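Here is how the chains run, residue by residue.
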Amino acid sequence: MRIKNLINYLFSPTTSPFWGEIKRGASLQYLYSLIAPSTSGRGLRGGASLIILLAACSNTNPQSGNPVAESNFELKGKLSNAHGETIYLQLMDPSGIKGIDTVVVDEKGEFAMTAEIKEAGFFRLGISEKNFATLILDANQKVTFIGDASAIGNNYQVSGSPDSKLFLEINQASTINYHKRDSLQAAFQAYMSAPSTDPNKAAMLKNTIEGQYNALVAEHNKFLQTLIEKNTGSLASLAAIQQLPVEDFLETYIKADNGLFAKYPKSAYIKAFHEDVLSKKKLAIGSPAPEISLNGPDGKGKSLSSLKGKIVLVDFWASWCAPCRAENPNVVKAYNKYKSKGFEIFSVSLDSEGNKWKAAIQKDNLSWDSHVCDLLGWKSPVVPLYSFQGIPYNVLIDKEGKIIAKNLRGEDLEKKLAEVFK
């Protein structure tokens, strides 16, 4: 399974296996724990893992091209609150989880593994499906792990594996930052749920909390950016970079790609990341928007280039996508406000059933002329062409056909259009 941007994949309403929990108001901290267990102590759901899907890398010697020699890897550990549990080490491989070694913790809480590890990759050391720690291990390392058997992924210590320590640092920082964001959200929701809420005070509180929330996001993004750019050849950076919006941190993606591709040139997942970065570079702000030529509801061909000379929103959606349908009123409002000033919408549907696509156009009052669809759903060539993993998604292009903004929704779309047409 080739997933290029796993955070987008896991948090997209159209692809996320956790979308039901997101709709029920699951916190950022909780959602992050589902894909990369940290100080929250929660484990994976349904066997899905950011690391399995993204970065179970196979490394080879760049000079010789041969696999790394037979491993002299050792892992020793000591667990508090241990009672003779069986502890396992598993490789999180693209094809699934593979057992590496299993031992019983002795009466002192100690264990030792001398497994054969030939390649760098992501592993999990655990006692159960919900009680484990993620490690990044390589051949010939002598690793020491100290933790608590009752919550092995909670505040553990690891030495002898620099990437594992870096991954732990990322997890801990992310959990703390997300917890602060959750607290802000909870405070605002509690105030809004009060029986007598003053609208003026609510608006002031909203603005205050938004400012604090955005500051937390900026703080964490800066932390990740700095960490990644100092460790461009680390597999931990591959996991960290998925939290950064590529539109704002393309240079950081390029630096990570250069470092990782140089170190892991034969890794299938590094190759996928490399291809994704190349694609993102082609779709950077200021780049020409790729041509799209598909049939409209009447069966006649329509091309994006036919709208050159206008400000165009290339809008990717589908009739079956509830968040898309919820966003459509904002798109309609923007179109009605700016169409007289040269604003057009080029709607690209990922539907596979023509009747449902056409019915949704009518029901949502999508009155513009440029609607296209090849009825191939996610198999449509437009998906890799524009390199997106979830919908709704859009790209705003200028009169010359160059990209000026991406993924604008609600107020953000209105603000950008007001800026363009001022």
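Computed from a prediction, not measured in an experiment: that's the story for all the values here.

A. A look at the overall build of the chain. In terms of helices and strands, the chain carries 13 helices and 15 strands. When the 422 residues of the chain are sorted by exposure, 50% land in the buried category. Counting contacts in the chain only where the partners sit at least 6 residues apart, residues at least 24 apart contribute 64% of the total. For the chain, the exposed area adds up to about 19500 Å²; of that, 51% sits on carbon and sulfur atoms.

B. The nonpolar core, seen in detail. Formed by 47 residues in total, the largest nonpolar core has its most connected members in Ile292, Val314, Phe316 and Phe343. Listed by contribution, the elements that provide at least two residues to this core are strand S11 (311-317), helix H10 (322-338), strand S12 (343-349), helix H11 (354-363), helix H12 (382-386), strand S14 (393-397), strand S15 (403-406) and helix H13 (410-420). Those residues in contact with Val314, other than ones at most four positions away along the chain, are Ile292, Leu304, Phe346, Val348, Tyr393, Asn394, Val395 and Ile397.

C. The sheet that holds strand S7 (residues 142-148), seen in detail. Read from one edge of the open sheet, four strands run S4-S1-S7-S8, paired in mixed fashion. Two strands lie at the open edges of the sheet, namely strand S4 (110-113) and strand S8 (157-159), each paired on one side alone. Averaged over neighbouring strand pairs, the angle between their axes works out to 15° when direction is ignored. Strand direction decides the pairing type here: strand S1 (residues 74-80) and S4, joined by four bridges, are antiparallel. Of the residues in S4, the one forming a bridge with Lys76 is Ala112.

D. Just the state of the cysteines, in detail. Per the stated rule, a full pass over the model turns up one disulfide. Here Cys321 connects covalently by a disulfide to Cys324, the sulfurs 2.3 Å from one another. One disulfide, between Cys321 and Cys324, carries an S-S torsion of 75° and so falls in the right-handed class. Each member of the pair, Cys321 as well as Cys324, carries the same accessibility label: buried.

E. Representation of the packing of aromatic side chains within the structure. Applying the stated criterion to the full structure yields eleven aromatic pairs. Ring centres of Tyr338 and Phe421 lie 5.2 Å apart, and the angle between their planes is 20°; this geometry places the pair in the stacked category. Placement of the pair is Tyr338 in helix H10 and Phe421 in the segment after H13, with a sequence separation of 83 residues. Taking the relative accessible area as the measure of exposure, Phe421 reaches 15% and is therefore buried. Taking 6.3 Å as the distance between ring centres and 75° as the angle between the ring planes, the aromatic pair formed by Phe343 and Phe421 counts as edge-to-face. A residue pair is termed long-range when its members are at least 10 positions apart, and Phe343 in strand S12 and Phe421 in the segment after H13 qualify at 78 residues.

F. Seen up close, the environment of His83. Within the fold, His83 resides in the loop between S1 and strand S2 (86-93). With a relative accessible area of 69%, His83 lands in the exposed category. Between the C-alpha atom of His83 and that of Glu107, which follows or precedes it by 24 residues, the distance is 6.9 Å.

G. Representation of the pairing of strand S5 (residues 121-128) in the model. For S5, a buried count of six out of eight residues is recorded, marking the element as mostly surrounded by other parts of the structure. By the bridge criterion, four bridges tie S2 to S5 in an arrangement that is antiparallel. The residue bridging Tyr88 from the neighbouring strand is Gly126, located in S5. Pairing geometry for S5 and strand S6 (residues 131-137), over seven bridges, is antiparallel. Across the sheet, the residue bridging to Gly126 is Phe132, located in S6. Adjacent in sequence and paired antiparallel, S5 and S6 are bridged by two residues.

H. The sheet that holds S14, seen in detail. Spatial strand order, S13-S12-S11-S14-S15: five strands in an open sheet with mixed pairing. A strand with exactly one partner marks an edge of an open sheet, and here the two such strands are strand S13 (371-372) and S15. Of the strand pairs in this sheet, S11 and S12 are connected by seven bridges, and their pairing is parallel. Following the sheet pairing, Trp317 is matched in S12 by Ser349.

I. Quick peek at the pattern of salt bridges. Scanning all chains against the criterion turns up ten salt bridges. Among the salt bridges present, the one from Glu116 reaches Lys118, with a minimum N-O distance of 3.4 Å. Under the relative-accessibility criterion, Lys118 is labelled partly exposed at 37%. Where Lys255 meets Glu229, a salt bridge forms, and the shortest distance between an N and an O atom there is 3.4 Å. Taken together, the positions of Lys255 in helix H8 (residues 250-263) and Glu229 in helix H6 (residues 199-230) put the pair 26 residues apart, joining distant regions of the chain.

What counts, and where the lines are drawn
- Residues numbered from 1 in each chain as written.
- Predicted model: local features only at pLDDT ≥ 70, side-chain atom pairs only at ≥ 80, totals over all residues.
- Heavy atoms only, no water.
- Helix = DSSP H or I, 4+ residues; strand = E, 2+ residues; numbered from the N terminus.
- Buried < 20%, exposed > 50% of the residue type's maximum accessible area, 1.4 Å probe, protein only.
- Contact = heavy atoms within 4.5 Å.
- Areas by Shrake-Rupley, 256 points an atom, 1.4 Å probe, with all protein chains shown as cover.
- Core = buried A, V, L, I, M, F, W, Y, C linked by side-chain atoms within 4.5 Å.
- Pairing = 2+ DSSP bridges.
- Axes fitted to C-alpha atoms, helices over the stretch in contact; angles between N-to-C directions.
- Disulfide = S-S within 2.5 Å.
- Phe/Tyr/Trp six-rings, centres within 6.5 Å; stacked < 30°, edge-to-face > 60°.
- Salt bridge = Lys/Arg side-chain N within 4 Å of Asp/Glu carboxyl O.

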